[in-house]
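# Structural overview for review
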Amino acid sequence: NQDSYSYIDTESGLIKFGKELLAELVIGIDIENDSKHSYYGSICLVQITTSKSTFIIDAIKVSHKTIEQILKPVLENPRVVKIFHDCRHDLRWLQRDFNHIACLNIFDTFVLAKSLNKFKSIGLEVLLDHYCKFSLSPINKKQFQKSDWTTRPLAPGQLEYAALDTFFLRSIRAGLLKDALECYGEEELKRILLETQELSYLRVYDKEKVNKMKDWVPTFK
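Presented here is a report on the structure given in the accompanying data block. Here the structure is a predicted model, which is why all the values come from computation and not from measurement. (Residues numbered from 1 in each chain as written. Predicted model: local features only at pLDDT ≥ 70, side-chain atom pairs only at ≥ 80, totals over all residues. Heavy atoms only, no water.)

## With respect to the pattern of salt bridges
A side chain of one charge can pair with a side chain of the opposite charge when the charged atoms of the two come close. Applicable threshold: What makes a salt bridge here is a side-chain nitrogen of Lys or Arg within 4 Å of a carboxyl oxygen of Asp or Glu, nothing more. Under the scheme used here, helices are H or I runs from DSSP no shorter than 4 residues and strands are E runs no shorter than 2 residues, and both carry numbers assigned from the N terminus. Partly exposed describes any residue whose relative accessible area lies between the buried limit of under 20% and the exposed limit of over 50%, with all areas from a 1.4 Å probe on protein chains only and scaled to the type maximum.
Applying the stated criterion across every chain yields a total of 9 salt bridges. One salt bridge connects R88 with D86, and the closest N-O pair in it is separated by 2.9 Å. A salt bridge links R191 to E188; the nearest nitrogen and oxygen atoms lie 2.8 Å apart. Residue R191 and its partner E188 are located together in helix 9 (residues 186–204), separated by 3 residues, close to a single helical turn. Given a relative accessible area of 40%, R191 falls into the partly exposed group. When salt bridges with common partners are traced through the structure, they connect E188, R191 and E195 into a single cluster.

## What about the packing of aromatic side chains?
The criterion, for reference: To pair, rings of Phe, Tyr and Trp, with the six-membered ring standing in for Trp, must have centres within 6.5 Å; the planes then decide the type, stacked if under 30 degrees apart, edge-to-face if over 60, and tilted in the middle. Lysine NZ or arginine CZ positioned within 6 Å of the ring centre and within 35 degrees of the ring normal marks a charge as sitting over the ring.
All chains considered together, the criterion is met by 5 aromatic pairs. Grouping aromatic residues by their ring pairs yields a cluster made of F134, F167 and F168. Above the plane of the ring of F107 lies R173, whose end atom (NZ or CZ) is 5.3 Å from the centre.

## Details of empty space enclosed by the protein
Applied cut-off: With a 1 Å grid spanning the protein atoms alone, the term cavity applies to any set of points in which a 1.4 Å probe fits but cannot get out, the term pocket to an open set with protein on both sides within 12 Å along at least five of seven lines, and the term lining residue to any residue with an atom within 4 Å of a point. Grid points are joined across faces, edges and corners, and a volume is the space filled by probe spheres set on the points. Here the nonpolar group is Ala, Val, Leu, Ile, Met, Phe, Trp, Tyr, Cys and Pro; Asp, Glu, Lys and Arg are the charged ones; every other residue, Gly included, is treated as polar.
In the structure shown here, the tally under the stated rule is 2 cavities of 30 Å³ or more. Of the voids in this model, the second largest cavity is the one considered here, and its volume is about 30 Å³. Broken down by secondary-structure element, the contributors of at least two residues to the lining of the second largest cavity are strand 6 (106–108), helix 4 (109–116) and helix 9. For the lining of the second largest cavity, the element with the most residues is helix 9, which contributes 3 residues. In terms of residue class, the lining of the second largest cavity is built from 5 nonpolar, 1 polar and 1 charged.

Next up, the structure:
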């Protein structure tokens, strides 16, 4: 429902959120983009879940330059964990639309879930059901999965669907870490997480940004 997220469609609202965001150490992040209504396409929403709430940034109503200025100090801070579900697509869009912004210290729920080899499929809805006991309505999924994210105003159902993409990521990460620590032990899990970082960055970022992570050590908090 609408009480579970905050919708940000003004620069002043984003600046206020940015101050709160600087205090976070673990965030869930996702985007909604459109590639049907223009040649190059564009990010339409950025969803971020913090320790307090979920925030949906309207990247059509708020300038991309302002979004970049607010998000860059957090996304490029290697001490802040950024949780994605299958980050490959999102990293490229974020870098392209927000002036080569990078996401350092990624926790990809898709990659770790795949490594555990315990799920028949690794969609977000599978992890939601397993770790959070939450089922996304098939009707809502079919209705909003291919929404036109360029239309304004967005329907309440669209915003609720977008919020769910990050709302449970922190809980899914906690569950995956517990299972992975039991399966692999701490040292092997560190190796897997380091390998994930390297593969993600080398596909998307230049060498200078990759080097920022050379002394990074995974944390399990």
